[in-house]
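# Structure at a glance
Okay, here's what each chain looks like letter by letter:
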Amino acid sequence: MARTLGTDFSAQLESSSFTPFYAISIAFSPNKLNLWTGYNDLFFDSETYVGSGNLLLISNIEETSDIKATGMSISLSGLDSNILAEILTEDVQGTSVEVYFGVLTTTDNQTVLVDDPYKIFDGFIDTMTIAESGEESTVRVTVENKLITLEKAKSKRYTDQDQKQLFPTDKGLEFVDDLQDKTLVWGGGTRN
């Protein structure tokens, strides 16, 4: 079920001055990588997001009226060598990625989160490339939308063999193979 915008959040979006931000969460194992486009730490949804400032770049997220999977890309530069080493040793394809959009406001010289940020993208890592230039490394991650799973062919069929893999004693599909050559007459009449 989609969340509706909170009144504070809506008011900030309609005001003449507000500070928008993006946050990403990449579910690397064993440690998640939570970053946001600001400075210092940001806390929401029981998670800490580390400020990355200009080191985090997020591509446009395409929205369509069709049900189709549209991807995006995330670029991270200036990463800590420990994070980079962890990324290099991990099989990242299929790792979950969430992207959030939020709003900050300043009251009494203190920047505060207006409302919980809204998840604007949810997907999986497709590919990851690392470009090194001198002392800096840039990691570019291409992410596929979760809808991409709708485009993949199912490997399971409604056959007795597939059913027995799941439930060895189930006999519910044992006559499926015989049905394809069966002639059925509806209505009790005879066939000429």
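Preceding block: the structure.
Scope of this entry: the structure provided in the associated data block.

What counts, and where the lines are drawn
All residue numbers refer to position in the chain's written sequence, counted from 1. Under the rules for a predicted model, residues below a pLDDT of 70 receive no local features and side-chain atom pairs below 80 are neither given nor counted, while totals for whole chains, interfaces and linings still include all residues. Each side-chain value is worked out from all heavy atoms of the structure, with water and hydrogens disregarded. In this description a helix means any DSSP run of H or I spanning at least four residues, a strand means any run of E spanning at least two, and both kinds are numbered starting from the N terminus. Think of it in three bands: residues with accessible area under 20% of the maximum for their type are buried, residues over 50% are exposed, and the middle band is partly exposed, with areas taken using a 1.4 Å probe on protein chains only. Any two residues whose heavy atoms approach within 4.5 Å at even a single point are treated as in contact. Nonpolar cores are built from buried Ala, Val, Leu, Ile, Met, Phe, Trp, Tyr and Cys residues. Side-chain atoms within 4.5 Å join them into one set. Salt bridges, as used here, are contacts in which a Lys or Arg side-chain nitrogen is within 4 Å of a carboxyl oxygen on Asp or Glu. Classification of ring pairs rests on two measures: the distance between centres of Phe, Tyr or Trp rings, Trp counted by its six-membered ring, which must be within 6.5 Å, and the angle between planes, read as stacked under 30 degrees, edge-to-face over 60 and tilted in between. N or O atoms within 3.5 Å of each other form a polar contact, as long as, within protein, one can give a hydrogen and the other can take it, and as long as residues adjacent in sequence are counted only when both atoms are side-chain atoms.

### Description of the overall build of the chain
Helices and strands together make up the secondary structure of the chain, namely four helices and 10 strands. Counting from the amino terminus, the chain carries its helices and strands in the arrangement α-β-β-β-β-β-β-α-β-β-β-β-α-α. Counting the 192 residues in the chain, one finds 32% classified as buried. In the chain, the share of contacts with a sequence separation of at least 24, taken over all contacts with a separation of at least 6, comes to 51%.

### Topic: the nonpolar core
Counting residues in each nonpolar core, the largest one holds 20 residues, and the members touching the most others are I24, I74 and L76. Elements represented by at least two residues in this core include exactly β1 (19-26), β2 (33-36), β6 (72-77), α2 (81-89), β7 (96-107), β9 (118-133) and β10 (136-145). In this structure I74 touches I24, L56, L57, V97, V99, V139, R140, V141 and V143, once residues within four positions along its chain are discounted. Listed in part, the eight residues of the second largest apolar core include F21, W36, L42 and Y100.

### Some points on the pattern of salt bridges
Applying the stated criterion across every chain yields a total of four salt bridges. A salt bridge links K32 to E47, with the nearest nitrogen and oxygen atoms 3.3 Å apart. Placement of K32 in the loop between β1 and β2 and of E47 in strand β4 (residues 47-51) is noted, with a sequence separation of 15 residues between them. A relative accessible area of 45% places K32 in the partly exposed class. Among the salt bridges present, the one from K119 reaches D122, with a minimum N-O distance of 3.5 Å. Judged by its relative accessible area of 43%, K119 falls in the partly exposed class. Members of the salt-bridge network, linked through shared partners, are E98, K119 and D122.

### Description of the packing of aromatic side chains
Summed over the entire model, instances satisfying the criterion amount to five aromatic pairs. With a centroid separation of 4.4 Å and 5° between ring planes, the pair formed by F44 and Y49 is classed as stacked. Its relative accessible area of 2% is what places Y49 among the buried residues.

### Quick look at the environment of G102
On the secondary structure map, G102 appears in strand β7. When its relative accessible area of 0% is taken as the criterion, G102 is described as buried. Along the primary structure G102 and L113 are separated by 11 residues, whereas in three dimensions their C-alpha atoms are 7.8 Å apart.

### Side note on the side chain of N34
Structurally, N34 is set in strand β2. On the basis of relative accessible area, N34 is assigned to the buried category, the value being 8%. Polar side-chain contacts of N34 include one of 2.9 Å to the side chain of E47. Among the polar contacts listed, one links the side chain of N34 to the backbone oxygen of T48, at a separation of 3.5 Å. Look past the residues within four positions of N34 in its chain and what remains in contact with it is I24, S25, I26, E47, T48, Y49 and V50.

### What about unusual backbone geometry?
Even without glycine at this site, N40 takes up a positive phi of about 65°. With respect to the helices and strands, the residue N40 is situated in the loop between β2 and β3 (41-44). The exposed category is assigned to N40, whose relative accessible area is 66%.

Coordinates in, geometry out; function isn't part of it.
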